[in-house]
Amino acid sequence: MAGKCIALIAHDQKKDAMAEFARRNQKALADWHIVATGTTGGRVLDVCPGLKVTRMKSGPLGGDQQIGAMIATGEIDVLVFFIDPMTPLPHDVDVKALTRLAVLYDIPMALNEATAERLIKTLNH
């Protein structure tokens, strides 16, 4: 994948927030290729049909791992992952592996809206 690439992922209870984040930051995201887990990517495209979004599998079906592999191969520059800390997740181990890879490969990572808003403002400057 050429150019700048950002991964967008959101747990079920955070998908509305991610779609709204993308809508608010559509101008900044227009310069990026977006990789997203399946449902999250669909929600982003619903509100921002002009963005360049590649949808992976749903997170629990391997999408988190697909994006983790892309981090490991240097294809993803930034990770925005809206985590729901109140909902137990059967694929929690995949989530931990994904965030571990972002730390290991030292890419900027936001796990909540406040951090994502600050991060997105620095991306295109």
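See the structure shown above.
This section reports on the structure supplied with the text. Values in this document were obtained by computation on a predicted structure and should not be read as measured data.

A few words on the packing of helix H1 (residues 15–24) against helix H3 (residues 38–47). Where H1 contacts H3, the axes come no closer than 9 Å and their chain directions differ by 40 degrees. The angle between H1 and H3 falls in the class oblique. You can see that H1 and H3 cross each other, and the crossing is right-handed. Residue-level inspection shows Lys15, Asp16, Met18, Ala19, Ala22 and Arg23 of H1 in contact with H3, the latter providing Thr39, Thr40, Arg43, Val44 and Val47. Grouping the constituent residues of the contact of H1 with H3 by class yields 5 nonpolar, 2 polar and 4 charged.

In this structure the tally under the stated criterion is 1 aromatic pair. On the basis of an interplanar angle of 70 degrees and a centroid distance of 5.6 Å, the ring pair of Phe21 and Phe82 is categorised as edge-to-face. Of the two residues, Phe21 sits in helix H1 while Phe82 sits in strand S4 (residues 78–82), which places them 61 residues apart along the sequence.

Attention shifts here to the nonpolar core. Judged by nonpolar contacts, the single largest core of 24 residues is most densely connected at Ile6, Leu8, Met18, Val80 and Phe82. Secondary-structure elements contributing two or more residues to this core are strand S1 (5–10), H1, helix H2 (26–29), strand S2 (33–36), S4 and helix H6 (113–123). With residues near it in sequence (within four places) discarded, Met18 still touches Leu8, Ile9, Ala10, Thr40, Val44, Val80 and Phe82. Listed in part, the 16 residues of the second largest apolar core include Met56, Met70, Ile76 and Leu79.

Calculation notes
Residues numbered from 1 in each chain as written. Predicted model: local features only at pLDDT ≥ 70, side-chain atom pairs only at ≥ 80, totals over all residues. Heavy atoms only, no water. Axes fitted to C-alpha atoms, helices over the stretch in contact; angles between N-to-C directions. Helix = DSSP H or I, 4+ residues; strand = E, 2+ residues; numbered from the N terminus. Parallel < 35°, antiparallel > 145°, perpendicular 65-115°, else oblique. Left-handed = near helix turned anticlockwise from the far one by under 90°. Contact = heavy atoms within 4.5 Å. Nonpolar A, V, L, I, M, F, W, Y, C, P; charged D, E, K, R; others polar. Phe/Tyr/Trp six-rings, centres within 6.5 Å; stacked < 30°, edge-to-face > 60°. Core = buried A, V, L, I, M, F, W, Y, C linked by side-chain atoms within 4.5 Å. Buried < 20%, exposed > 50% of the residue type's maximum accessible area, 1.4 Å probe, protein only.

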